[in-house]
Amino acid sequence: YLMRFFVSYSDSFLKQKALSLSKNLNLELFDQLKIDDIASFSNDYFLICTSERLILKKGLKKNLKPIFSNFDYWATNYNDELLKKALKGLPKQFSCLDVTAGFGKDSLEISKLNHCRSITLLEKASWMYSLLEDGLENVYSGEAKQLTKKFSLRNMDNLTFLNSSKEKYDLIYIDPMFYGVQKSKAKKHMQALRDLSSDETQKGLLGESLNRAKFRVIVKRHKHMNYLDDEVPTRSIKGKVVRYDIYNII
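Cut-off values and rules
Residues numbered from 1 in each chain as written. Predicted model: local features only at pLDDT ≥ 70, side-chain atom pairs only at ≥ 80, totals over all residues. Heavy atoms only, no water. Pairing = 2+ DSSP bridges. Helix = DSSP H or I, 4+ residues; strand = E, 2+ residues; numbered from the N terminus. Contact = heavy atoms within 4.5 Å. Axes fitted to C-alpha atoms, helices over the stretch in contact; angles between N-to-C directions. Phe/Tyr/Trp six-rings, centres within 6.5 Å; stacked < 30°, edge-to-face > 60°. Buried < 20%, exposed > 50% of the residue type's maximum accessible area, 1.4 Å probe, protein only. Arc of directions from axis to C-beta. Core = buried A, V, L, I, M, F, W, Y, C linked by side-chain atoms within 4.5 Å. Polar contact = N/O pair within 3.5 Å; in protein donor to acceptor, adjacent residues only side chain to side chain. Salt bridge = Lys/Arg side-chain N within 4 Å of Asp/Glu carboxyl O.

### Some points on the sheet that holds strand E2 (residues 28-29)
Okay, so step 1: Judged by pairing direction, the sheet is mixed, and its four strands sit side by side in the order E2-E1-E3-E4 without closing on themselves. Both outer strands of the open sheet, E2 and strand E4 (54-58), are each paired with one neighbouring strand and no more.
Okay, so step 2: In the sheet, strand E3 (residues 45-49) pairs with E4 via five bridges, with the strands oriented antiparallel. Of the residues in E4, the one forming a bridge with leucine 47 is leucine 56.
Okay, so step 3: Sheet strands in contact with helix H1 (residues 15-25) are strand E1 (5-9), E2, E3 and E4, and its direction is about 160° off that of E1.
Okay, so step 4: On the sheet, helix H8 (residues 188-196) packs against E1, E3 and E4 and is oriented at approximately 110° with respect to E3.

Dropping the structure here:
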């Protein structure tokens, strides 16, 4: 079955907004208000304009949980102890570049460190960038506002950015896709990213990051995966499922 990807809307007054989004993203506009047979779309993805926010759904069933960048929730209800260990010892007021932003969850974790000054998030996929941007526009809690104030977003390919940017960052964070590993257990957000992204391992991303980092590069891997580009890290921190490979810049 070939999975399809549409832009849609939950109310007719949002049709215009959805239409311009579909043009921007070069995706077909889908009028779910006119469809009776929703079962035949259960494996397709929909980027839906609702009155609250932009959401992503797989299928059109009403009870499906929407997927979006939930910064308000993650600010207080998510804690990645393993990543915090990997971040230990970074300089005061450090700058970070997240070259694989996705939904921005790991960037938000990094921004929870008081001595993190700024995070630049790179996201190449325009649909994902739209969700990220919308997520930032819909931050309401004081805590999440404080954290996301440190963010700046760029809709850009990471290698292009690294090659053209003159700036150096204290920390560069890389979270490449875990392809072919424990597909069944992936959380909805991650599964959507895998399904909708091209299966490409970016050769040279680590090397370019090592050139642009002042202090450290961190690569998130599945614990059974090879090192990125077969480059042995300074050290690794292993958890039940993931491993953080730490490359210190000497």
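There is more to say after this.
### What to know about the packing of aromatic side chains
Okay, so step 1: Tallying each qualifying case throughout the model produces nine aromatic pairs.
Okay, so step 2: With centroids separated by 5.4 Å and ring planes inclined at 25°, the aromatic side chains of phenylalanine 6 and phenylalanine 46 adopt a geometry described as stacked. One end of the pair, phenylalanine 6, is in strand E1; the other, phenylalanine 46, is in strand E3, and 40 residues separate them in sequence. As far as the burial class goes, phenylalanine 6 and phenylalanine 46 line up, both buried.
Okay, so step 3: Ring centres of phenylalanine 30 and phenylalanine 46 lie 5.0 Å apart, and the angle between their planes is 65°; this geometry places the pair in the edge-to-face category.

### Quick notes on the pairing of E4
Looking along a regular strand, one sees side chains alternate from face to face of the sheet.
Okay, so step 1: With four of five residues buried, E4 lies mostly within the body of the structure.
Okay, so step 2: The antiparallel pairing of E3 with E4 creates a hairpin that spans four residues between the two strands.

### A few points about helix H9 (residues 205-212)
Okay, so step 1: All of the buried residues along H9 are Leu205, Leu206, Ser209 and Arg212. Down the axis of H9, the buried side of the element spans an arc of 125°, and every buried residue falls inside it.
Okay, so step 2: Those residues of H9 hidden inside the fold are in contact with helix H7 (158-164), strand E8 (169-174), strand E9 (213-222) and strand E11 (242-248).

### Considering the nonpolar core
Burial of nonpolar side chains together is a common tendency in soluble globular proteins.
Okay, so step 1: Counting 52 residues, the largest nonpolar core has Leu47, Leu56, Ile110 and Trp127 as its most contacted members.
Okay, so step 2: Residue contributions to this core peak at five residues, all from helix H5 (residues 126-137).
Okay, so step 3: If sequence neighbours within four positions are ignored, tryptophan 127 has contacts with Phe5, Leu25, Leu47, Leu56, Ala192, Leu193 and Leu196.
Okay, so step 4: In terms of nonpolar packing, the next biggest core, distinct from the first, is built from 16 residues, Leu97, Leu122, Ile172 and Leu228 among them.

### Thoughts on the environment of serine 107
Okay, so step 1: With respect to the secondary-structure elements, serine 107 resides in helix H4 (residues 105-111).
Okay, so step 2: Taking the C-alpha atoms as reference points, serine 107 and lysine 150, 43 residues apart in sequence, are found 9.7 Å from one another.

### Observations regarding the sheet that holds E8
Okay, so step 1: Strand order in the open sheet formed by seven strands is E7-E6-E5-E8-E9-E11-E10, with mixed pairing between adjacent strands. Each having just a single partner strand, strand E7 (151-154) and strand E10 (235-238) make up the two edges of the open sheet. When strand polarity is set aside, the average angle formed by the axes of neighbouring strands in this sheet is 20°.
Okay, so step 2: Pairing analysis gives seven bridges linking E9 to E11, with the strands arranged antiparallel. The residue of E11 that forms the bridge with isoleucine 218 is isoleucine 246.
Okay, so step 3: The strands touched by H5 within the sheet are strand E6 (116-122) and E7, with E7 carrying the most contacts at an inclination of about 155°.

### Re the side chain of aspartate 106
Okay, so step 1: Within the element layout of this structure, aspartate 106 appears in helix H4.
Okay, so step 2: Here the side chain of aspartate 106 touches tyrosine 173 through a polar contact of 2.7 Å, side chain to side chain.
Okay, so step 3: Excluding residues within four positions of it along the chain, aspartate 106 makes contact with Tyr78, Leu83, Tyr173, Asp175 and Lys220.

### Topic: unusual backbone geometry
Okay, so step 1: In this model, aspartate 229 sits at a positive phi of 55°, which is unusual for a non-glycine residue.
Okay, so step 2: In this structure, aspartate 229 sits in the loop between E9 and E10.
Okay, so step 3: With a relative accessible area of 27%, aspartate 229 lands in the partly exposed category.
Okay, so step 4: A positive phi is found at aspartate 230, a non-glycine position, where the angle reads about 55°.

### Here's the deal with the pattern of salt bridges
Okay, so step 1: Tallied over the entire structure, the rule returns eight salt bridges.
Okay, so step 2: Aspartate 157 is the partner of lysine 124 in a salt bridge, and the nearest nitrogen-oxygen pair spans 3.8 Å. Separated by 33 residues along the polypeptide, lysine 124 in the loop between E6 and H5 and aspartate 157 in the loop between E7 and H7 bring together distant segments of the chain.
Okay, so step 3: On the basis of relative accessible area, lysine 124 is assigned to the partly exposed category, the value being 46%.
Okay, so step 4: A salt bridge links aspartate 245 to arginine 243; its shortest N-O distance comes to 2.8 Å. Both residues of the pair, aspartate 245 and arginine 243, belong to the buried class.
Okay, so step 5: Through salt bridges with shared partners, a single network forms among Lys84, Glu109 and Lys112.

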